[in-house]
Amino acid sequence: MSALDYTIRFLGTGTSIGIPVPGCPCSVCHSKDWRNHRSRSSIIIEKEGYRALIDTTPEFRFQALRSKINSLDAVFWTHAHADHLHGIDDLRGLTWNRPIPGYANPSTTQEIHRRFDYLWKNTQRGGGKARINLHEVNKDQSIHVGPLEFTPLPVLHGQLPIYGWRCGPIAYITDVSQIPTETYERLENLELLILGALRFKEHPTHFSVHRALEEVKKIRPKRAYFTHISHEASHRELRRRTPAHVNPARDGLRLRVKG
Ligand SMILES: [Zn+2]
Ligand SMILES: [Zn+2]
Ligand SMILES: [Zn+2]
């Protein structure tokens with residue numbers, strides 16, 4: 001293990017509705033196996049004391065407390081769906097001392113400006129607001145956060161073009177139903193691929209477990225973790241149905257990746 005290694009922390013690994021689903025009588029939602037409790041999907045990537053967040057889920061406050069996140073240097077968004085964005089206000093405490101840069105594709109930054117316009121408006125003094133300098137990132141641009149270099153991974157989420165993000169030897173792609181040919185070139189030589197795998201059954205806007213496994217075979221990372229998992233797939237069954245170098249992630253999981 002070296003000081004140049006990356007640390008990944010899974011803040012959440014669940015699909016948009018989270019698990020347990022309030023009111024759902026299913027066995028996964030009522031499971032005593034805590035690995036089946038999944039908050040909305042998000043990760044932290046760290047290296048040499050720099051720390052970047054991907055997505056601000058509606059549970060960000062609780063996730064940040066649980067994973068003891070006490071500072072942030074940047075935030076990246078994959079897309080503007082509520083489960084990836086609506087915890088943006090909870091960046092307040094982490095941006096009191098200094099604003100942080102935020103990065104997303106042009107349609108996502110437009111949507112963030114529209115939905116959370118008050119963040120950039122002059123309003124009366126009060127409890128304060130999250131201080132984010134928002135930047136559009138086009139698909140051929142790279143972003144540097146200290147030693148972390150982020151490159152967009154354009155993918156399709158149903159009809160919606162969104163971004164996954166590559167950082168060094170790590171790729172994070174959550175909501176995806178198709179990877180365009182050009183994006184595979186950006187997925188070579190991965191130590192770690194984190195990929196959305198919603199459930200065993202097919203879905204129009206997400207990879208099923210079967211599809212995700214096919215993509216892992218094609219992309220050939222050293223290891224892969226599945227995320228954005230629904231209550232239609234238990235942690236145990238996912239482990240049983242995946243090969244040794246592919247695993248379901250779980251909330252709070254921490255991984256080291258060689259830098
Ligand atoms: Zn999602
Ligand atoms: Zn359920
Ligand atoms: Zn989505």
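Residues numbered from 1 in each chain as written. Chains lettered and ligands numbered in written order. Predicted model: local features only at pLDDT ≥ 70, side-chain atom pairs only at ≥ 80, totals over all residues.

### A short note on the environment of Leu 192
Phase 1 of the analysis: Here Leu 192 lies in strand S11 (residues 192-196).
Phase 2 of the analysis: With 21 C-beta atoms packed within 10 Å, Leu 192 lands in the buried category.
Phase 3 of the analysis: It is 10.0 Å that separates the C-alpha atoms of Leu 192 and Ile 8, two residues lying 184 residues apart in sequence.
Phase 4 of the analysis: Once residues within four sequence positions are removed from consideration, Leu 192 is found in contact with Pro 169, Ile 170, Pro 221, Lys 222, Arg 223, Leu 255 and Val 257. (Helix = DSSP H or I, 4+ residues; strand = E, 2+ residues; numbered from the N terminus. Buried ≥ 20, exposed ≤ 12 C-beta atoms within 10 Å, placed from the backbone. Contact = placed C-beta atoms within 7 Å.)

### Observations regarding the pairing of strand S9 (residues 160-167)
Phase 1 of the analysis: The buried fraction of S9 is high, at six of eight residues.
Phase 2 of the analysis: Summarising the sheet, S9 and strand S10 (residues 170-173) pair through three bridges and their orientation is antiparallel. Looking at S10, one finds that Arg 166 is bridged to Ala 171.
Phase 3 of the analysis: Where S9 folds back onto S10 in an antiparallel hairpin, the turn is made up of two residues, including Gly 168, whose phi is positive at roughly 55°. (Pairing = 2+ DSSP bridges.)

### Comments concerning the sheet that holds strand S3 (residues 50-54)
Phase 1 of the analysis: The strand order across the open sheet formed by seven strands is S6-S5-S4-S3-S2-S1-S14, and the pairing between neighbours is mixed. Here the strands that pair on one side only, and so sit at the sheet edges, are strand S6 (132-136) and strand S14 (254-257). Strand-to-strand twist in this sheet, taken as the mean axis angle between neighbours without regard to direction, amounts to 20°.
Phase 2 of the analysis: When S3 meets strand S4 (residues 74-76), the two strands line up parallel, connected through three bridges. By the bridge assignment for S4, Leu 53 is matched with Val 75.
Phase 3 of the analysis: The strands that helix H3 (residues 106-115) touches are strand S5 (100-104) and S6; relative to S6, the one it contacts most, it runs at about 145°. (Axes fitted to C-alpha atoms, helices over the stretch in contact; angles between N-to-C directions.)

### Some points on unusual backbone geometry
Phase 1 of the analysis: Cis geometry marks the peptide bond from Ile 19 to Pro 20, where omega comes out at 0°.
Phase 2 of the analysis: Considering the arrangement of structural elements, one finds Pro 20 in the loop between strand S1 (6-12) and strand S2 (42-47).
Phase 3 of the analysis: Look at Glu 48: it is not a glycine, yet its phi comes out positive at around 45°.
Phase 4 of the analysis: Checked against the element boundaries, Glu 48 lands in the loop between S2 and S3.
Phase 5 of the analysis: Here Glu 48 falls in the partly exposed class, since 13 other C-beta atoms lie within 10 Å of it.
Phase 6 of the analysis: Here His 228, not a glycine, exhibits a phi torsion of approximately 55°, which is positive.

### Thoughts on the environment of Thr 183
Phase 1 of the analysis: For Thr 183, the position within the fold is in helix H4 (residues 181-184).
Phase 2 of the analysis: When the 22 C-beta atoms within 10 Å are taken as the criterion, Thr 183 is described as buried.
Phase 3 of the analysis: Sequence separation between Thr 183 and Leu 153 is 30 residues; the distance between their C-alpha atoms is 6.0 Å.
Phase 4 of the analysis: Apart from the residues lying within four places of it in its own chain, the contact partners of Thr 183 are Leu 153, Pro 154 and Val 155.

### Here's the deal with the environment of Leu 195
Phase 1 of the analysis: Looking at the secondary structure, you find Leu 195 in strand S11.
Phase 2 of the analysis: For Leu 195, a count of 26 C-beta atoms within 10 Å puts it in the buried group.
Phase 3 of the analysis: Note: C-alpha distance between Leu 195 and Leu 213 (18 residues apart in sequence) is 9.5 Å.
Phase 4 of the analysis: If we ignore the near neighbours within four places in the chain, the residues touching Leu 195 are Ile 173, Phe 207, Ala 212, Glu 215, Val 216, Ala 224 and Phe 226.

### What about the sheet that holds S10?
Phase 1 of the analysis: Spatial strand order, S7-S8-S9-S10-S11-S12-S13: seven strands in an open sheet with mixed pairing. Across the chains shown, the open sheet's two edge strands, defined by having one partner strand only, are strand S7 (143-145) and strand S13 (246-248). If you compare each strand with its neighbour and ignore which way they point, the axes differ by 25° on average.
Phase 2 of the analysis: Sheet topology note: the strand S12 (residues 223-227)/S13 ladder contains three bridges and is parallel. Following the sheet pairing, Phe 226 is matched in S13 by Pro 248.
Phase 3 of the analysis: Contacts from helix H5 (residues 209-219) reach S11, S12 and S13 within the one sheet, and its direction differs from that of S11 by about 155°.

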